[in-house]
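Close look at the chain arrangement
Listed below, chain by chain, are the residues.
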Number of protein chains: 2
Amino acid sequence: MEERHRTRNPDATRRRILESAYQEVYRHGYQGTRLDDVLKATGLTKGALYHHFPNKQALGYAVVEDVIRGIISDIWRKPLEQAEDPLASIIHTIRHMDRLAGDQITTLGCPLNNLAQEMSPLDEGFRRRIDAVYQDWRAWLARALERGRAQGRIRADVDCEQVATFIVAALTGCIGIAKNAQSKEPLNHCGAGLISYLESLRA
Amino acid sequence: MEERHRTRNPDATRRRILESAYQEVYRHGYQGTRLDDVLKATGLTKGALYHHFPNKQALGYAVVEDVIRGIISDIWRKPLEQAEDPLASIIHTIRHMDRLAGDQITTLGCPLNNLAQEMSPLDEGFRRRIDAVYQDWRAWLARALERGRAQGRIRADVDCEQVATFIVAALTGCIGIAKNAQSKEPLNHCGAGLISYLESLRA
DNA sequence: TGGAAAACAAACCAGTTGGTATGTAAAATA
DNA sequence: TATTTTACATACCAACTGGTTTGTTTTCCA
């Protein structure tokens with residue numbers, strides 16, 4: 001039986017720090033994130049932070065691996081695995097992106113892409129961890145597309161790996177456009193282009 | 001007659017600072033850019049910097065308006081205006097992106113997108129200036145597409161504005177993927193998806 | 001049950017960084 | 001030519017920021 005601690009709960013503390021760090025990084029970027037601000041939102045102090053993480057970099061790495069990866073997974077992995085018509089599922093997710101990913105997607109963009117564009121050229125550790133999430137994301141898409149192709153719903157000549165890469169790229173680009181415009185409209189406007197491309201893959 | 005000053009040339013000094021600032025911002029982001037580093041590359045000092053720019057923010061704004069805008073214009077504006085077959089011109093530019101935009105495009109990404117993703121949610125002044133460049137870029141593409149449609153080279157049912165937006169988004173996304181992978185391969189791999197979409201617009 | 005280890009809090013520190021005050025030589029101007 | 005203005009250089013500073021040290025209270029375990 002799991003025992004409930006009222007006064008201390010290190011796992012929950014770690015998660016509180018991580019969640020706050022994620023929000024700060026999402027809003028201000030990694031370099032723009034101040035550890036004092038991360039802590040202010042939790043009510044904790046430096047002692048707690050440096051007990052759970054050796055330094056700011058390790059906290060940033062953990063945000064990628066423990067928070068952002070889970071967010072992408074929630075939106076894409078399960079729906080794709082369970083979908084009867086994979087292509088329809090992909091299109092559905094793109095169409096309802098703002099609802100599925102939260103309002104912040106329009107104003108703050110894709111948290112994975114944000115970190116990728118900021119940190120990939122600066123820190124190889126970040127780059128590798130971010131790339132691992134992208135690889136997972138592409139793999140979930142590619143496997144779903146292959147299933148659709150095996151079902152005969154998708155054209156036989158479609159290169160599923162390439163299409164998966166393009167979907168990730170194009171969708172990321174669309175979200176980025178919406179973020180810069182600070183409006184939902186371009187996300188739908190631009191997503192329509194991606195969807196029309198996807199429709200063209202139908203058998 | 002333009003007189004050549006050997007000892008002082010404020011316009012050239014301003015441009016040296018701007019060019020160096022562009023490189024630093026391109027490499028480290030705006031928040032990651034240190035004014036001392038910008039100056040180190042020029043051999044100038046704070047006195048020169050703060051004579052030409054009131055503060056770091058104004059320098060950042062000038063990088064968008066005076067440097068990045070020119071780079072995008074060089075790559076897209078003239079080729080599109082002069083192209084006989086606009087769609088072929090677009091595809092050509094995408095195919096030879098690494099040559100046209102320089103090697104840095106693979107390792108450092110799109111300078112406009114970098115700043116957009118970092119600064120749009122943080123600074124309205126940045127956002128507006130970046131958005132103005134995006135609007136120009138889309139307009140150049142949309143006008144070229146309309147010309148192609150009028151020529152009968154592009155399908156009559158194509159929404160040129162929407163396609164232009166999608167091209168910008170998808171290409172930006174492709175460059176971002178290549179940057180995170182730190183390799184040219186995904187740029188071509190991913191650009192192929194965009195090109196196959198563009199081919200489908202042919203009449 | 002008592003000592004060790006874990007989980008924090010609080011105060012502090014040194015390096016960094018955008019910005020400023022002051023000085024000075026070259027150009028423009030009157 | 002005298003004077004003002006421009007175009008910088010130099011030295012300096014206050015605020016910020018990641019990280020450390022020390023102290024205290026729980027929790028674990030032998």
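Anything mentioned here points back to the structure above.
Given the structure is predicted, the values throughout are model-derived calculations rather than measurements.

Our next topic: the protein's contact with DNA strand D. With respect to spatial proximity, 20 residues lie near DNA strand D, and among them Thr-7, Arg-34, Lys-46 and Tyr-50 of chain A together with Thr-45 of chain B are the closest. In DNA strand D, the atoms that sit within 4 Å of the protein are 61% sugar and phosphate, with bases accounting for the remainder. Arg-34 of chain A is positioned with one of its side-chain polar atoms (N or O) 2.8 Å from a phosphate oxygen of DNA strand D. A distance of 2.7 Å separates a base oxygen of DNA strand D from a polar atom in the side chain of Lys-46 of chain A. Elements represented by at least two residues in the surface near DNA strand D include exactly α3 (46-52) of chain A together with α1 (10-28) and α3 (46-52) of chain B. For the surface near DNA strand D, a count of residues per class yields 5 nonpolar, 9 polar and 6 charged.

As a further point, take unusual backbone geometry. Leaving glycine aside, a negative phi is the common case for residues, and trans is the common case for peptide bonds. One non-glycine residue with positive phi stands out, namely Gln-182 of chain A, at about 55°. Considering the arrangement of structural elements, one finds Gln-182 of chain A in the loop between α10 (160-181) and α11 (185-199).

Scanning all chains against the criterion turns up 5 cavities of 30 Å³ or more. Counted as a void, the largest cavity has a volume near 300 Å³. Looking at the lining of the largest cavity, the elements with two or more residues in it are α1 (10-28) and α8 (111-119) of chain A together with α1, α4 (56-82) and α8 (111-119) of chain B. Tallied by class, residues from the lining of the largest cavity come to 13 nonpolar, 10 polar and 6 charged. Here the second largest cavity is characterised by a volume of approximately 80 Å³. Contributing to the lining of the second largest cavity are Asn-113, Gln-117, Tyr-134, Thr-172, Gly-173 and Gly-176 of chain A together with Asn-113, Gln-117, Thr-172, Gly-173, Gly-176 and Ile-177 of chain B. Considering only residue class, the lining of the second largest cavity consists of 2 nonpolar, 10 polar and no charged.

Definitions and limits used
- Residues numbered from 1 in each chain as written.
- Chains lettered and ligands numbered in written order.
- Predicted model: local features only at pLDDT ≥ 70, side-chain atom pairs only at ≥ 80, totals over all residues.
- Heavy atoms only, no water.
- Near = heavy atom within 4 Å.
- Polar contact = N/O pair within 3.5 Å; in protein donor to acceptor, adjacent residues only side chain to side chain.
- Helix = DSSP H or I, 4+ residues; strand = E, 2+ residues; numbered from the N terminus.
- Nonpolar A, V, L, I, M, F, W, Y, C, P; charged D, E, K, R; others polar.
- 1 Å grid on protein atoms, 1.4 Å probe; cavity = no way out; pocket = protein on both sides within 12 Å on 5 of 7 lines; lining within 4 Å.
- Points joined across faces, edges and corners; volume = space filled by probe spheres on them.

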